[in-house]
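Structural characterization, general
Residue strings, one per chain:
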Amino acid sequence: MSMTMVEIEKQLKNLRLSGMLATLESRALQASQCNAVLVEALSWLLQDEMDHRSSNLRQRRFKASGLTELKTLTEFDWSFNPKLPKREIYELVTAKFIQNGEHALLIGSPGTGKSHIAKTIAHASIQLFQKTVYREAHVFFEDMFEAEQTGKTKKVLKLFSEADLLIIDDLFLRKKMPSDAADYLLDIIINRYSKRKSVVITSNRPIEDWGILLKDNAASSAILDRLLHHGHLLKFEGKSYRLKEAAKRLSQMKDKK
């Protein structure tokens, strides 16, 4: 027994096929105009449903990641700092290293694009439907401390340990580190290393200083040993994009006077 369009829409809603529901009317019109056979028309609707679900999944992944903005390489100014490791950056943005369970350390001067690249990698990871967690370093340590105080350590450890990609941005940007920073970081890195889960860390401090900054040379050595074993070390050298933008704004303000 055939169903009316209203009944079909009702059944699609009951089956939670919202992607097909959204395009049913336009696809029906398209099929009528080009005399499409049933299989062809159905394939259009199924593709609509798949695209809809993929889009929703990416949105959920982004919302859960901790990112507040999307970054890509299209707006990245390569000419400003020509010494940046462009080939290696493009390789990381393919996200192949995540599939291989490798890590990346982006080390260099402030304002040279480390955070931009880290967020671009996160975006690429989300596009591949991977569970991605992004935290600025001070927020990462705050999350760990709060979890310890509220009895949610197991839950937060699971979040940071089991995501396909964990990004810790601007490590050591703040000079004062939590007293348990070395232990927090070591626990997560060991867990992720054993599970072959990827980590990206950005920092403006050379890795030789990490032991001093963490106040624990042994923990620092253990952390770096695991990150570099299956890892990529990229050095960011050059001028600050932020200072460039600040100078540009200042010049524009002067021109208006």
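Residues numbered from 1 in each chain as written. Predicted model: local features only at pLDDT ≥ 70, side-chain atom pairs only at ≥ 80, totals over all residues. Heavy atoms only, no water.

**A short note on the overall build of the protein chain**
- Across its full length, the protein chain carries twelve helices and five strands.
- Taking all 257 residues of the protein chain together, the buried fraction comes to 39%.
- Contacts spanning at least 24 positions in sequence make up 79% of the contacts within the protein chain whose residues lie at least 6 apart.
- Carbon together with sulfur atoms contributes 54% to the accessible area of the protein chain, which is approximately 15,400 Å² in total. (Helix = DSSP H or I, 4+ residues; strand = E, 2+ residues; numbered from the N terminus. Buried < 20%, exposed > 50% of the residue type's maximum accessible area, 1.4 Å probe, protein only. Contact = heavy atoms within 4.5 Å. Areas by Shrake-Rupley, 256 points an atom, 1.4 Å probe, with all protein chains shown as cover.)

**Here's the deal with the packing of aromatic side chains**
- What the rule picks out here adds up to five aromatic pairs.
- Centre to centre, the rings of Phe140 and Phe141 are 5.2 Å apart; their planes meet at 70 degrees, and the pair counts as edge-to-face. As far as the burial class goes, Phe140 and Phe141 line up, both buried.
- Taking 5.4 Å as the distance between ring centres and 65 degrees as the angle between the ring planes, the aromatic pair formed by Phe172 and Trp210 counts as edge-to-face. Of the two residues, Phe172 is situated in the loop between β3 (165-171) and α9 (181-195) and Trp210 in helix α10 (residues 210-214); the sequence distance between them amounts to 38 residues. (Phe/Tyr/Trp six-rings, centres within 6.5 Å; stacked < 30°, edge-to-face > 60°.)

**Structural notes on helix α7 (residues 137-150)**
- With 14 residues, α7 should cover 20 Å at 1.5 Å per step; its first-to-last C-alpha distance of 20 Å lies within 8% of that length.
- All of the buried residues along α7 are Ala137, Phe140, Phe141, Met144 and Ala147. The arc that holds the buried residues of α7, viewed along the axis, is 125 degrees, so those residues lie on one side. In this structure, α7 carries Glu146 and Gln149 as exposed residues pointing more than 90 degrees from its buried face.
- The elements touched by buried residues of α7 are β2 (132-136), α8 (153-162), β3 and α9.
- Just past α7, the residue Gly151 takes up positive phi, approximately 75 degrees. (Expected span 1.5 Å × (residues − 1). Arc of directions from axis to C-beta.)

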